[in-house]
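# Working through the structure, step by step
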Amino acid sequence: MEMWANRRQFLGTVATGAAAAGLAAGLRTSAWAEDKASKPAFKISLAEWSLHKAIFGKKLDNLDFAKYRRKSSASTASEVRQPVLQGQGEGRQYLDELNKRAARTGVTTLLIMIDGEGRLGDPDDKKRTEAIENHYKWVEAAKHLGCHSIRVNAASAGEYDEQLKLAADGLRRLSEFAKKFELNVIVENHGGLSSNGKWLASVIESVGLENCGTLPDFGNFHSYDRYQGVKETMPYAKAVSAKSRDFDGEGNETHTDYFKMMDIVLSAGYHGWVGIEYEGSKLDEYAGIRATKKLLERVLAKVSA
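Residues numbered from 1 in each chain as written. Predicted model: local features only at pLDDT ≥ 70, side-chain atom pairs only at ≥ 80, totals over all residues. Heavy atoms only, no water.

### Looking at the overall build of the protein chain
Of regular secondary structure, the protein chain possesses 12 helices and eight strands. Burial status across the protein chain gives 55% buried among its 305 residues. (Helix = DSSP H or I, 4+ residues; strand = E, 2+ residues; numbered from the N terminus. Buried < 20%, exposed > 50% of the residue type's maximum accessible area, 1.4 Å probe, protein only.)

Here you go:
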């Protein structure tokens, strides 16, 4: 498969986690506690989806994303979004330019978030294989950008157990490919049964590969209890997405208790990157990013005291 061929226009996206992201190898709680003075409880990164309105509205060039991150002090690490790369160029030259600008500003690219490339748990064997192979070029692109992971979706159809089996098959095959590039394949709770923490944890267990894990997103659990969902998926986390939408007068996120949620994250032994992913409408994107960062810094100050 020609990895650098132009792809079809992105047909639609849903909120990312990530999302937001964290490093593949987090320090265990005991190790961090011993060196608490020199190592932060967690580090703050920025998900490109936080600025999707500005980027798709041509108010911010994707190539300038690294410069914004550094200039705004939002983060020295980030997660890029595949639809943005797909819409503006995904050839080697474009990725080289992204690398050059990131290096110039001292920003690390952590992962690429993938959408719209087919269902990795599709009940049709041919379509499932096509979806798996559609992700290959993004594994290679992520390696080129120096990422540790690609974030994917575990979409399927059918009964609970059948979807578990199908999603695990697709993820296992993709993870086996990604292993050759020393990359992780991580799944966000992103609709359907993936927003059921117990189901997603069972899928990762069924895959049984070290480089296949999760990206718990504070939102996207819908009717499922978000705190329970994060608790169930944190044992497999190689990234974390701090989803935010609205804030009260004291600067707290109104949908998620960040102090409670980050206690769950840290109690699981995770001390890597936690990604800002603002998705609200009451504040503009830049103000929403600042508000989320300020809240995460308050949490960091408390747990580090």
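So, next bit.
### So, unusual backbone geometry
The backbone of Lys-58 shows a phi angle near 65 degrees, a positive value even though the residue is not glycine. Along the chain, Lys-58 turns up in the loop between helix 2 (52-56) and helix 3 (65-71). For His-222, which is not glycine, the phi torsion reads 55 degrees and is therefore positive. Mapped onto the elements, His-222 comes out in the loop between strand 6 (212-215) and helix 10 (226-233). Classification of His-222 as exposed rests on a relative accessible area of 62%.

### A short note on the sheet that holds strand 4 (residues 149-152)
Spatial strand order, 6-5-4-3-2-1-8-7: eight strands in an open sheet with parallel pairing. Of all the strands in the sheet, just strand 6 and strand 7 (240-244) have a single pairing partner and so form its edges. With direction set aside, neighbouring strand axes in the sheet form an average angle of 30 degrees. With two bridges joining them, strand 1 (residues 43-47) and strand 2 (residues 77-81) adopt parallel strand pairing. (Pairing = 2+ DSSP bridges. Axes fitted to C-alpha atoms, helices over the stretch in contact; angles between N-to-C directions.)

### Considering helix 9 (residues 197-207)
Turning to helix 9, its buried residues are Gly-197, Trp-199, Leu-200, Ala-201, Val-203, Ile-204 and Val-207. On its buried face, helix 9 sits against helix 8 (160-179), strand 5 (184-188), strand 6 and helix 10. Two residues or fewer after helix 9 comes Gly-208, characterised by a positive phi angle close to 70 degrees. (Contact = heavy atoms within 4.5 Å.)

### Let's talk about the packing of aromatic side chains
Under the defined criterion, the tally for this structure stands at five aromatic pairs. Ring geometry for Phe-177 versus Phe-181: centroids 5.2 Å apart, planes at 45 degrees, classification tilted. Overall, Phe-181 belongs to the partly exposed group, its relative accessible area being 21%. Each residue in the set Tyr-136, Phe-177 and Phe-181 is aromatic and connected to the rest through ring pairs, giving one cluster. (Phe/Tyr/Trp six-rings, centres within 6.5 Å; stacked < 30°, edge-to-face > 60°.)

### With respect to helix 8
Along its 20 residues, helix 8 runs 28 Å from first to last C-alpha, staying within 8% of the 28 Å computed at 1.5 Å per residue. For helix 8, the full list of buried residues reads Gln-163, Leu-164, Leu-166, Ala-167, Ala-168, Gly-170, Leu-171, Leu-174, Ser-175, Phe-177 and Ala-178. Buried residues along helix 8 sit against helix 6 (125-134), helix 7 (136-144), strand 4, strand 5, helix 9 and strand 6. (Expected span 1.5 Å × (residues − 1).)

### Brief notes about the pattern of salt bridges
Applying the stated rule across the entire model yields 17 salt bridges. Close ionic contact of Arg-101 with Asp-64 constitutes a salt bridge, the shortest N to O distance being 2.9 Å. In this pair, Arg-101 is assigned in helix 5 (residues 92-105) and Asp-64 in the loop between helix 2 and helix 3, connecting sequence segments 37 residues apart. A salt bridge links Glu-188 to Arg-151; its shortest N-O distance comes to 2.8 Å. Of this pair, Glu-188 sits in strand 5 while Arg-151 sits in strand 4, and the two are 37 residues apart along the sequence. Overall, the relative accessible area of 0% leaves Glu-188 in the buried class. Among the ionic contacts, a cluster of salt bridges with common partners joins Asp-217, Lys-243, Arg-245, Glu-277 and Glu-279. (Salt bridge = Lys/Arg side-chain N within 4 Å of Asp/Glu carboxyl O.)

### Comments concerning the pairing of strand 8 (residues 273-278)
Strand 8 sits mainly inside the fold: six of its six residues count as buried. Residues Trp-273, Gly-275 and Glu-277 of strand 8 are buried on one face, and the alternating residues Val-274, Ile-276 and Tyr-278, pointing to the opposite face, are buried as well. Relative to strand 8, strand 1 runs parallel, the two being bridged by four bridges. Bridge pairing links Ile-44 to Val-274 in strand 8. Two strands pair when backbone bridges link them, and strand 7 and strand 8 are joined in this way by five bridges, in the parallel orientation. Bridged to Lys-243 within strand 8 is Glu-277. Crossover strand 7 to strand 8 through helix 11 (residues 258-267) is right-handed. (Right-handed = clockwise from strand over helix to strand, strands pointing away.)

### Here's the deal with the nonpolar core
Grouped together as the largest cluster of nonpolar side chains are 36 residues, with contacts concentrated most on Leu-85, Ile-112, Ile-150, Val-152, Leu-171, Leu-174 and Val-203. Where this core is concerned, the elements lending two or more residues are helix 5, helix 6, helix 7, strand 4, helix 8, strand 5 and helix 9. With seven residues, the top contributor of residues to this core is helix 8. Ile-112 has contacts with Val-80, Gln-82, Leu-85, Trp-138, Ala-141, Ala-142, Leu-145, Cys-147, Ser-149, Ile-150 and Arg-151, leaving out every residue within four places of it along the chain. (Core = buried A, V, L, I, M, F, W, Y, C linked by side-chain atoms within 4.5 Å.)

### A few points about the confidence of the model for the protein chain
If pLDDT is low for a region, its predicted coordinates should not be looked at in detail. Scored by pLDDT, the protein chain comes out at a mean of 86, with 83% of its residues at no less than 70. Low confidence marks residues 1-34, where pLDDT is under 50. Its contacts with residues over four positions away, or in another chain, come to 130 contacts. (pLDDT = per-residue confidence, 0-100.)

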